[in-house]
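Commentary on secondary and tertiary structure
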Amino acid sequence: MAKRRIGIWLIGARGGVATTAIVGLVALRNGQAGTTGLVSELPSFAGLDLPDWKDLVVGGHEIRSLSLLDTATRLAGEQAIDHRLLESCQDELAQIDARIRPGTLYRVGPTIAGLADLEIPRDETPREAVARLQADLEAFATSNHLEHVVVVNVASTEPPMDLSAVPSSWRQLEPLLDSPEQCPVPASSLYAIAAFESGCSYINFTPALGATPAALDELAQLRGSRHMGYDGKTGETLLKSTLAPMFARRNLQVLSWVGHNIFGNLDGRVLDNPVNKAAKVRSKDHLLSQILPQAPQTLVSIEYIESMGDWKTAWDHLHFAGFLGTRMTMQFTWQGCDSLLAAPLVLDLVRFTELARRRGETGTLKFLGSFFKSPLGVEEQSFERQFLVLEQWACQGHDQC
Ligand code: NAD
């Protein structure tokens, strides 16, 4: 059977997460990296019809003109990736760089717009922007002989948008694309529309609006496409969704949960703007009240500390009550390399999404809930239970289960 070549189209292609995913993919392809950190390589998923590393082709949209090598060199300087690895994949990085196209800045807010130095049309209507992004996706698929493209949004965190301002049906939202003043969705949603209109799948790894509105879920279904989001669950929130069920199961009452996060990469710089930060804090904070029987007092802080680079420290303080009302404390410190935690999940999400397509699935891919802080259409917030759903999905129609 002819090889099925699959595209990965990264929105924010020269950012930390995207570049690490690209370096990782090249290293996996060349046999220079192991599979630690990759969920799709766990024994539960062995034997599935997942795309091989060699069959994945990368392109993307960006707003900054630096090269993939520039970002990778910065990450190597911060001890996030190995210098030797970088040297050996320079040619591949240059080839992928040549496939990166200017994105859109529609409703991204001043902090993100201020990062842009690529020539990006600023007076397009949303419809014109979608048409241009769609043309890029279609050219990528055609020139690389791709059977399918999975678009993954790993762009900077947009300011929160008012979901209630977005019409609930595609029929009502679609005409607004002609009006730059009235269209209520930001760049992340225009990328989703372009993806669905081109028959691509769309994964939102960020807390941006993306395909969250019901009108876009409807569009995905109308075009026989699929999507999932939002906001990758990689560090502190992963711990929250693992630890909180333990307190609930032992009938221990969590009174307060305080999480202080400090880091210094570009994502941190964007989140330093309180407006952009609001979307992230909301996404990190809501799950405790859904897992615990009584919502504790919570505080999430995110501070940009430049010297930390891509290394994030989360310090969490939990105050809880046990038998006879006695109060106790748990504290933990998580020191993770942000891009390294996120990048393998991007590759996993592409593989599982492509398998869902091969299985004929459309709409919201709820079985991917364990990958996200705010999984669309998923009430369950316990990591372990979400993961069981992924394993059960993998088993469907698979003889080895
Ligand atoms: P980053 O700032 O290094 O990269 C973001 C990239 O997106 C930049 O290169 C920027 O130029 C580009 N960009 C911004 N707006 C764009 C637009 N409209 N179109 C195209 N490109 C655009 O950030 P990162 O550390 O790579 O994180 C990427 C995203 O993933 C962020 O939103 C972050 O919150 C989210 N996320 C990251 C983690 C993690 O790193 N562990 C976890 C969950 C979510």
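Structure: above.
Attention here is on the structure that accompanies the text.

Cut-offs applied
Residues numbered from 1 in each chain as written. Predicted model: local features only at pLDDT ≥ 70, side-chain atom pairs only at ≥ 80, totals over all residues. Heavy atoms only, no water. Near = heavy atom within 4 Å. Polar contact = N/O pair within 3.5 Å; in protein donor to acceptor, adjacent residues only side chain to side chain. Areas by Shrake-Rupley, 256 points an atom, 1.4 Å probe, with all protein chains shown as cover. Helix = DSSP H or I, 4+ residues; strand = E, 2+ residues; numbered from the N terminus. Nonpolar A, V, L, I, M, F, W, Y, C, P; charged D, E, K, R; others polar. Axes fitted to C-alpha atoms, helices over the stretch in contact; angles between N-to-C directions. Parallel < 35°, antiparallel > 145°, perpendicular 65-115°, else oblique. Left-handed = near helix turned anticlockwise from the far one by under 90°. Contact = heavy atoms within 4.5 Å. Pairing = 2+ DSSP bridges.

1. Some thoughts on the site of the ligand
The local shell around the ligand holds 30 residues, among which Val17, Glu62, Arg64, Ala155 and Tyr191 are the closest. Interatomic distance of 2.6 Å between a side-chain N/O atom of Tyr191 and a nitrogen atom of the ligand. Summarising the interface, the protein chains cover 99% of the accessible area of the ligand, which totals 840 Å² for the free molecule. Every element with two or more residues in the shell around the ligand is listed here: helix 1 (16-29), strand 2 (56-62), helix 11 (266-271) and helix 14 (338-358). Across the shell around the ligand, the residue classes break down as eleven nonpolar, eleven polar and eight charged.

2. Overview of the packing of helix 6 (residues 126-143) against helix 8 (residues 187-197)
Contact geometry for helix 6 and helix 8: axes closest at 8 Å, N-to-C directions at 50°. What the angle tells us is that helix 6 and helix 8 run oblique. In this structure, the crossing between helix 6 and helix 8 has a hand that is right-handed. For the pair helix 6 and helix 8, the contacting residues are Pro126, Ala129, Val130, Leu133, Gln134, Leu137 and Glu138 in the first and Leu190, Tyr191, Ile193, Ala194, Ala195 and Glu197 in the second.

3. Let's talk about the sheet that holds strand 8 (residues 297-304)
Ordered by their spatial adjacency, four strands build an open sheet running 8-7-9-10, and the pairing between neighbours is mixed. Edge strands, defined here as strands with exactly one partner in the open sheet, are strand 8 and strand 10 (327-337). Direction aside, the axes of adjacent strands within the sheet are offset by 10° on average. Pairing of strand 9 (residues 311-321) with strand 10 involves eleven bridges; the strand directions are antiparallel.

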